[in-house]
Amino acid sequence: MKGNGTRYYVSGSNVFVRISAALMLLSALLRFLGYWGFWETKSQGFIIAQISLPIACNLLFAYMILRMGEKNFSLTFIPVLLGVVFFIIKATGFDSVLHTVLCIILYMLVAGIYFSTVFGIIGTKWLLLPLFGLPFLYHVFVDDLSTILGSSGAMTLEEWLPELSVLCIMLSLFFICFAMKEFPSGDNTQTQENDNEQNT
């Protein structure tokens, strides 16, 4: 599937790739620490869907962009899609039905636009910036503001660490956009070599 003939790759030596990977690894660590000591109080379904699944996505995405990004960056759609599944399951636990529906629509939009971008169906990567950046700002200035300011209604540590994990995911996907390089079909190797030279 070539779309308009544009594909993307990333170099493991690119600073934005390293930032993105570091944020994904930090996200995994924060989620693990957030539920450390609370494992016995959680159901097996919760452990699989809300702890193991997102951590696996974090690690897989970080590995792919560091080790496979130059030839198979499009495969990062796999951890992104699995991450969307995690977020959809998470959304089903929201108190507001409207909030749940809007979030599910957003997550499906993320999957669709990310897939269409990395496989060259959409001819630009810049749609990804507001797609990941705006939800991050919403979380910080709406959902998390009371916790950041230490005012009433602040999250407990058990709630705050997984939320920080989510913020790291959004930032990681935001930063990877700046590392994505496009090359015309049939000229992949030369473009990658040029990019590697610029990064050395």
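Now for a look at the structure at hand. (Residues numbered from 1 in each chain as written. Predicted model: local features only at pLDDT ≥ 70, side-chain atom pairs only at ≥ 80, totals over all residues. Heavy atoms only, no water.)

## A word on the overall build of the protein
So, step 1. Looking only at helices and strands, the protein has eight helices and two strands in total.
So, step 2. When the helices and strands of the protein are listed from N to C terminus, the series reads β-α-α-α-α-α-α-α-β-α.
So, step 3. Counting across all 200 residues of the protein, residues that qualify as buried make up 43%.
So, step 4. Of all intrachain contacts in the protein linking residues separated by at least 6 positions in sequence, the fraction that spans at least 24 positions is 71%. (Helix = DSSP H or I, 4+ residues; strand = E, 2+ residues; numbered from the N terminus. Buried < 20%, exposed > 50% of the residue type's maximum accessible area, 1.4 Å probe, protein only. Contact = heavy atoms within 4.5 Å.)

## Concerning the packing of aromatic side chains
So, step 1. Scanning the model with the defined rule gives 11 aromatic pairs in all.
So, step 2. Seen from their ring centres, Phe87 and Tyr107 are 5.3 Å apart, and the 40° between their planes marks the pair as tilted. Note that Phe87 is positioned in helix H3 (residues 77-91) and Tyr107 in helix H4 (residues 97-118), a separation of 20 residues in sequence. Across the pair, Tyr107 and Phe87 agree in class, each one buried. (Phe/Tyr/Trp six-rings, centres within 6.5 Å; stacked < 30°, edge-to-face > 60°.)

## Quick notes on the layout of surface pockets
So, step 1. For the largest pocket, the calculated volume is near 1,100 Å³.
So, step 2. What lines the largest pocket is a set of 43 residues, and nearest its centre among them are Lys90, Phe94, His139, Glu163 and Val166.
So, step 3. Looking at the lining of the largest pocket, the elements with two or more residues in it are helix H1 (15-34), helix H2 (44-72), H3, H4, helix H5 (128-143) and helix H7 (157-179).
So, step 4. Of the residues belonging to the lining of the largest pocket, the class tally is 27 nonpolar, seven polar and nine charged. (1 Å grid on protein atoms, 1.4 Å probe; cavity = no way out; pocket = protein on both sides within 12 Å on 5 of 7 lines; lining within 4 Å. Points joined across faces, edges and corners; volume = space filled by probe spheres on them. Nonpolar A, V, L, I, M, F, W, Y, C, P; charged D, E, K, R; others polar.)

## Observations regarding H4
So, step 1. Here H4 is 22 residues long and its end C-alpha atoms lie 32 Å apart, about the 32 Å a rise of 1.5 Å per residue gives.
So, step 2. Within the sequence span of H4, burial applies to Thr100, Cys103, Tyr107, Val110, Ala111, Ile113, Tyr114, Ser116, Thr117 and Val118.
So, step 3. Where H4 ends, the next residue or the one after it, Gly120, has phi of about 80°, a positive value. (Expected span 1.5 Å × (residues − 1).)

## With respect to the environment of Leu131
So, step 1. For Leu131, the location among the structural elements is in helix H5.
So, step 2. In this structure the C-alpha to C-alpha distance between Leu131 and Tyr114, which are 17 residues apart in sequence, comes to 9.3 Å.
So, step 3. Ignoring anything within four residues of it in the chain, the contact list for Leu131 reads Leu109, Val110 and Ile113.

## Comments concerning the environment of Ala49
So, step 1. Assignment of secondary structure puts Ala49 in helix H2.
So, step 2. Residues Ala49 and Val85, 36 residues apart in the sequence, show an inter-C-alpha distance of 8.6 Å.
So, step 3. Discounting chain neighbours no more than four positions away, the residues touching Ala49 are Pro54, Phe86 and Ile89.

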